[in-house]
Amino acid sequence: MDQVVIYTDGACKGNPGPGGWGVYLRSGVHEKELWGGERETTNNRMELTAVIEALKALRRPCRIQLYLDSEYVRKGITEWIRGWKAKGWKTAARQPVKNADLWQTLDSLVQGGGHQIEWHWVRGHTGDPGNERADALANRGVPG
């Protein structure tokens with residue numbers, strides 16, 4: 001299996017407001033940058049979209065070290081999602097899960113992609129080079 005290091009980030013100017021997502025992938029000597037955005041979105045949607053787009057960019061199953069500064073995404077995919085699915089996409093308070101469309105897409109990519117993913121939280125804006133690069137890409141993706 002190829003080993004891939006991925007950094008993802010989301011950005012929003014206002015929440016909701018215009019937002020962007022960024023992805024920095026590295027495998028050996030190969031690097032790839034991805035970014036995009038939406039005119040009316042939220043920071044959490046952009047954080048989720050960044051991870052989704054990163055996983056969609058992979059052409060075969062990989063061993064992934066995935067770094068993100070969103071505890072919402074990391075905990076959502078590693079902890080909370082099992083309960084949401086068991087409750088029919090409802091929270092413990094029986095409310096609809098926010099961003100369920102993106103969570104379902106991410107879940108299918110994680111479960112069906114054949115990847116081995118290790119999820120790592122990093123504190124944002126503290127000088128981590130990969131996180132800073134993903135942040136710059138996310139800001140590039142914000143529509144003007």
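Located above this text is the structure these notes cover.
Here we summarise the structure given alongside this text. (Residues numbered from 1 in each chain as written. Predicted model: local features only at pLDDT ≥ 70, side-chain atom pairs only at ≥ 80, totals over all residues. Heavy atoms only, no water.)

### Side note on the side chain of Thr-41
To keep things clear, this is the line we draw: Strands here are runs of E lasting at least two residues and helices are runs of H or I lasting at least four, both read from the DSSP assignment and numbered beginning at the N terminus. Working rule for contacts: check all heavy atoms of both residues, and any pair within 4.5 Å makes them a contact.
By the secondary structure assignment, Thr-41 is in strand 3 (residues 30-41). With sequence-adjacent residues up to four places away left out, Thr-41 is seen in contact with Cys-12, Asn-15, Pro-16, Gly-17, Pro-18, Gly-19 and Met-46.

### Observations concerning helix 2 (residues 71-86)
Our working rule: Given a helix with a known number of residues, its expected span is that number minus one, times 1.5 Å. The reported bend at a residue is simply the angle between two axes, fitted to the 7 residues ending at it and to the 7 residues beginning with it. Burial classification: accessible surface area is computed with a 1.4 Å probe over protein chains only, and a residue below 20% of its type maximum counts as buried, one above 50% as exposed, and the rest as partly exposed.
In this model helix 2 runs 21 Å from its N-terminal to its C-terminal C-alpha over 16 residues, within 8% of the 22 Å that 1.5 Å per residue would give. Along helix 2, the sharpest kink reaches roughly 65 degrees, centred on Trp-80. Buried within helix 2 are the following residues: Tyr-72, Val-73, Arg-74, Gly-76, Ile-77, Ile-81 and Trp-84. Against the buried residues of helix 2 lie helix 1 (43-56), strand 4 (62-68), helix 3 (100-112) and strand 5 (116-121). One or two residues past the end of helix 2 sits Gly-88, with phi positive at roughly 70 degrees.

### Let's talk about unusual backbone geometry
Looking along the chain, the bond that leaves Asn-15 and enters Pro-16 is cis, with omega of 15 degrees. Within the secondary structure layout, Pro-16 lies in the loop between strand 1 (2-12) and strand 2 (17-27). Unlike most non-glycine residues, Trp-89 shows phi in positive territory, near 65 degrees. Here Trp-89 is to be found in the loop between helix 2 and helix 3. With a relative accessible area of 19%, Trp-89 lands in the buried category. Residues other than glycine seldom take positive phi values, yet Arg-94 does so here, at roughly 65 degrees.

Everything listed is a geometric property; what it means functionally is a separate question.
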